[in-house]
Amino acid sequence: MGSAIEVRNLTKQYPGFALKDVSFQIPEGSIVGFIGENGAGKSTTIKAILDLIKRDGGEITLFGEPDGAKDETLKEQIGVVFDENCFPDYLNRRNVNRMLKAIYRGWQEERFEKLCERFGLPEKQKIKEYSRGMKMKLSIAAAMSHQARLLILDEALSGLDPVVRAEILDMLREFVMDEQHTVFLSSHITSDIEKIADYILLIHKGEILLYEDRDTLLEEYALIRCSAEEAAKLNPAIVVGIRRGRFDTEVLVRSREGLEANEDLVMDRASLEDILLYTAGEPGNERCAG
Ligand SMILES: Nc1ncnc2c1ncn2[C@@H]1O[C@H](COP(=O)(O)OP(=O)(O)OP(=O)(O)O)[C@@H](O)[C@H]1O
């Protein structure tokens, strides 16, 4: 199986922010969840992949093709959804269908109509009268209607209610049933990423801090509650972060090995949100619960 996206040593400098040597590769047939705090560099990375901004350094390969986003044929094979409406707002759903039919060679008119129906989008109402969620659904329907092999969604699920998000997650799962299809999805809703992603990519202040198989991550990381003395005895190599409370200490560890037998530790499963909070913590990853 090849790579849908390969990013090597990507750098981009803005005043007060830099993408630092960002490298990762996304295998075809997978769903990769991209997480990180506000301003971590998710959209900048995605825009560089899509060649919407000029990078300062590094290489980006799409489907094995260097600078694939510059290639018009390859570009058609990428469905993109940003967190804002990308269509002129005086159009309605029917106009959008006609417009995209003229743009994409592989446009699937009927599929678009079916998806819009499934999402309950009215045919004649103008986009400017749509709610935010309706606009996002329209963009997602469009991205899924031109025979794309790769879907890139940047915060596309924000503002959607849980029922619609669950439906879209199902659609993304269906999409990758074809092993040549790939999804790269950034979101602050870590519970969605936890449900759907095969791999988790975590960026913090422009640097990739973690890229791991979701199951390994969730099986191996653990949240431990114990006394400050017990916390101090833990092997520093496995400690991701410590949070000191008034009554106990919470420690995120990256491995449970050898800890399960210790009765002085209460060990729970760590959620992706815990992993994000501790991994993207401040230097030393030590925060006070107060
Ligand atoms: N065109 C630009 N000019 C200057 N600075 C920019 C520009 N675009 C992004 N930045 C800065 O780059 C940093 C990373 O922004 P980016 O949008 O990539 O973050 P993000 O992880 O997508 O955040 P969020 O989750 O809030 O959407 C921010 O500090 C932002 O201000």
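Keep in mind it's a predicted model, so treat the numbers as computed, not measured.

Parameters at a glance
Residues numbered from 1 in each chain as written. Predicted model: local features only at pLDDT ≥ 70, side-chain atom pairs only at ≥ 80, totals over all residues. Helix = DSSP H or I, 4+ residues; strand = E, 2+ residues; numbered from the N terminus. Buried ≥ 20, exposed ≤ 12 C-beta atoms within 10 Å, placed from the backbone. Pairing = 2+ DSSP bridges. Near = placed C-beta within 6 Å. Nonpolar A, V, L, I, M, F, W, Y, C, P; charged D, E, K, R; others polar. Expected span 1.5 Å × (residues − 1). Arc of directions from axis to C-beta. Domains from an automatic or database assignment. Contact = placed C-beta atoms within 7 Å. Axes fitted to C-alpha atoms, helices over the stretch in contact; angles between N-to-C directions. Parallel < 35°, antiparallel > 145°, perpendicular 65-115°, else oblique. Left-handed = near helix turned anticlockwise from the far one by under 90°. Core = buried A, V, L, I, M, F, W, Y, C linked by C-beta atoms within 7 Å.

Chemist: Explain the environment of D161 here, please?
Modeler: Mapped onto the fold, D161 is located in the loop between strand 7 (150–154) and helix 6 (162–175). The exposure class assigned to D161 is exposed, which follows from the 9 C-beta atoms found within 10 Å. Separated by 28 residues in sequence, D161 and G133 have C-alpha atoms that sit 7.8 Å apart.

Chemist: Sorry, what's going on with the pairing of strand 9 (residues 199–204) here?
Modeler: One face of the sheet, then the other: side chains in a regular strand alternate in exactly this way. Most of strand 9 sits inside the fold, with five of its six residues counted as buried. With six bridges connecting them, strand 9 and strand 10 (residues 207–213) associate as antiparallel partners. Bridging from a neighbouring strand, I200 pairs with E212 of strand 10. In this antiparallel pair of consecutive strands, strand 9 and strand 10, the connection spans two residues, and K205 shows a positive phi of 50 degrees.

Chemist: Can you walk me through the site of the ligand in this structure?
Modeler: The ligand sits among Y14, F17, G36, N38, G39, A40, G41, K42, S43, T44 and E155. The element contributing the most residues to the shell around the ligand is helix 1 (residues 42–49), with three residues. In terms of residue class, the shell around the ligand is made up of three nonpolar, six polar and two charged.

Chemist: Would you take a moment to explain helix 6 for this structure?
Modeler: Structurally, the α-helix is built with 3.6 residues per turn, so residues lying three or four positions apart point the same way. Its 14 residues give helix 6 an end-to-end C-alpha distance of 20 Å, which sits within 8% of 20 Å, the value for a rise of 1.5 Å per residue. Three or more residues of helix 6 are buried, namely R165, I168 and L172. Down the axis of helix 6, the smallest arc covering the buried residues is 65 degrees, so these residues share one side. Turned more than 90 degrees from where helix 6 packs its buried face, V163, D170 and E174 sit exposed.

Chemist: Would you explain the domain arrangement of the protein in this entry?
Modeler: The extent of an interface is frequently quoted as the accessible surface area lost upon association of the parts. When its domains are assigned, the protein resolves into domain 1 (3–215) and domain 2 (221–288). A straight line from the C-alpha centre of domain 1 to that of domain 2 covers 34 Å. In this complex, domain 1 contributes 11 residues to the contact, which on the side of domain 2 involves six residues. For the side of domain 1 that touches domain 2, the secondary-structure elements that each account for two or more residues are helix 7 (190–196), strand 9 and strand 10. Looking at the side of domain 1 that touches domain 2 residue by residue, the classes come out as six nonpolar, three polar and two charged.

Chemist: Teacher, can you tell me more about the packing of helix 3 (residues 93–103) against helix 4 (residues 109–118) here?
Modeler: The axes of two packed helices give the description: the angle between them and the distance between them. Close contact between helix 3 and helix 4 brings their axes to 10 Å; oriented N to C, the two are set at 150 degrees. Taken together, the axes of helix 3 and helix 4 lie roughly antiparallel to each other. Helix 4 is crossed by helix 3, and the crossing has right-handed handedness. Only E109, F112, E113 and C116 of helix 4 make contact with helix 3, whose side of the interface consists of R93, N97 and K101. The class makeup of the residues in the contact of helix 3 with helix 4 is two nonpolar, one polar and four charged.

Chemist: Is there a simple way to think about unusual backbone geometry in this case?
Modeler: Glycine aside, the phi torsion of most residues is negative, and most peptide linkages are trans. Not every positive phi belongs to a glycine, and D67 is a case in point at roughly 50 degrees. Tracing the sequence through the fold places D67 in the loop between strand 5 (65–66) and helix 2 (72–76). Of note, E155 is a non-glycine position whose phi angle comes to about 55 degrees, a positive value. Examined against the element boundaries, E155 turns out to sit in the loop between strand 7 and helix 6. Residue E155 is classed as buried on the basis of its 20 C-beta neighbours within 10 Å.

Chemist: Could you clarify how one ought to interpret the nonpolar core in this entry?
Modeler: For soluble globular proteins, nonpolar side chains are generally found buried alongside one another. Counting residues in each nonpolar core, the largest one holds 74 residues, and the members touching the most others are A141 and I200. Ranked by the residues each element gives to this core, the list is headed by helix 5 (residues 132–143), at seven residues. With residues up to four places along the chain from it excluded, the contact list for A141 reads F112, L115, C116 and F119.

Chemist: What should I look at first to understand the pairing of strand 13 (residues 249–253) in this one?
Modeler: Of all five residues making up strand 13, four are buried, and the element is well covered by its neighbours. Sheet analysis places strand 11 (residues 222–226) next to strand 13, joined by five bridges and oriented antiparallel. Within strand 13, the position partnered with I224 by the bridge is V251. Across five bridges, strand 12 (residues 239–244) lies against strand 13 in antiparallel orientation. Bridged to I242 within strand 13 is V251. The antiparallel pairing of strand 12 with strand 13 creates a hairpin that spans four residues between the two strands.

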